[in-house]
Amino acid sequence: MTEKIGGLARLIATLLAIIAGFVAIPGINIALVLVVLGLIAGIRYHAAGTDVLRLFLVVLVLPFAGAALGQIPAIGAQLNAAALNVALVAAAISATVIALRLFDNCRNDIAAWTGPSPAVAGAKPAELAA
């Protein structure tokens, strides 16, 4: 279920980021909507256990790519705005992934001090060695 919700949030965020780069949408704080959708979409990345190194790379590189696209006459400013919007979404996704991984790390550290989890407690010694 989280993959469907996260995927839908990512799809909507991507479409909105591109559309908002080309068309002004009055009465809506586009940046806020993109960040909220990105935070929701980050749950999908965490749940799927995907390698987020590429996502972090997008956050770093896309603003520079947008600046390069900004040099294209007549449409460069819109392409730059769309690229910056997508980078904003990717940064929000990254924030969720980092927060959830920190939560998992803390949970695992606490479990190490309090003893094995219930699933491991019922396991046979041979299963733990595998």
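Located above this text is the structure these notes cover.
These remarks concern the structure in this document. (Residues numbered from 1 in each chain as written. Predicted model: local features only at pLDDT ≥ 70, side-chain atom pairs only at ≥ 80, totals over all residues. Heavy atoms only, no water.)

The tendency in soluble globular proteins is for nonpolar side chains to be buried side by side. Counting 16 residues, the largest nonpolar core has Leu-34, Tyr-45, Leu-55 and Ile-93 as the members making the most contacts within it. Elements with a minimum of two residues in this core: helix H1 (2-22), helix H2 (30-48) and helix H4 (76-114). When near neighbours in sequence (up to four residues on either side) are disregarded, Leu-55 contacts Tyr-45, Ala-90, Ile-93 and Ser-94. (Core = buried A, V, L, I, M, F, W, Y, C linked by side-chain atoms within 4.5 Å. Buried < 20%, exposed > 50% of the residue type's maximum accessible area, 1.4 Å probe, protein only. Helix = DSSP H or I, 4+ residues; strand = E, 2+ residues; numbered from the N terminus. Contact = heavy atoms within 4.5 Å.)

Once that is clear, we can look at unusual backbone geometry. One non-glycine residue, Ala-74, lies in the positive phi region at around 75°. Tracing the backbone shows Ala-74 in the loop between helix H3 (53-69) and H4.

A few words on the pattern of salt bridges. Side chains that carry opposite charge are capable of pairing whenever their charged atoms lie near each other. This model, assessed by the stated rule, comprises one salt bridge. A salt bridge links Asp-104 to Arg-107; its shortest N-O distance comes to 3.0 Å. One end of the pair, Asp-104, and the other, Arg-107, are both in helix H4, three residues apart, so they sit about a helical turn from each other. (Salt bridge = Lys/Arg side-chain N within 4 Å of Asp/Glu carboxyl O.)

Moving on: the side chain of Asp-104. A residue is classified by how much of its surface remains accessible, and Asp-104, at 18% relative accessible area, is buried. Among the polar contacts made by the side chain of Asp-104, one reaches the side chain of Arg-107 at a distance of 3.0 Å. (Polar contact = N/O pair within 3.5 Å; in protein donor to acceptor, adjacent residues only side chain to side chain.)

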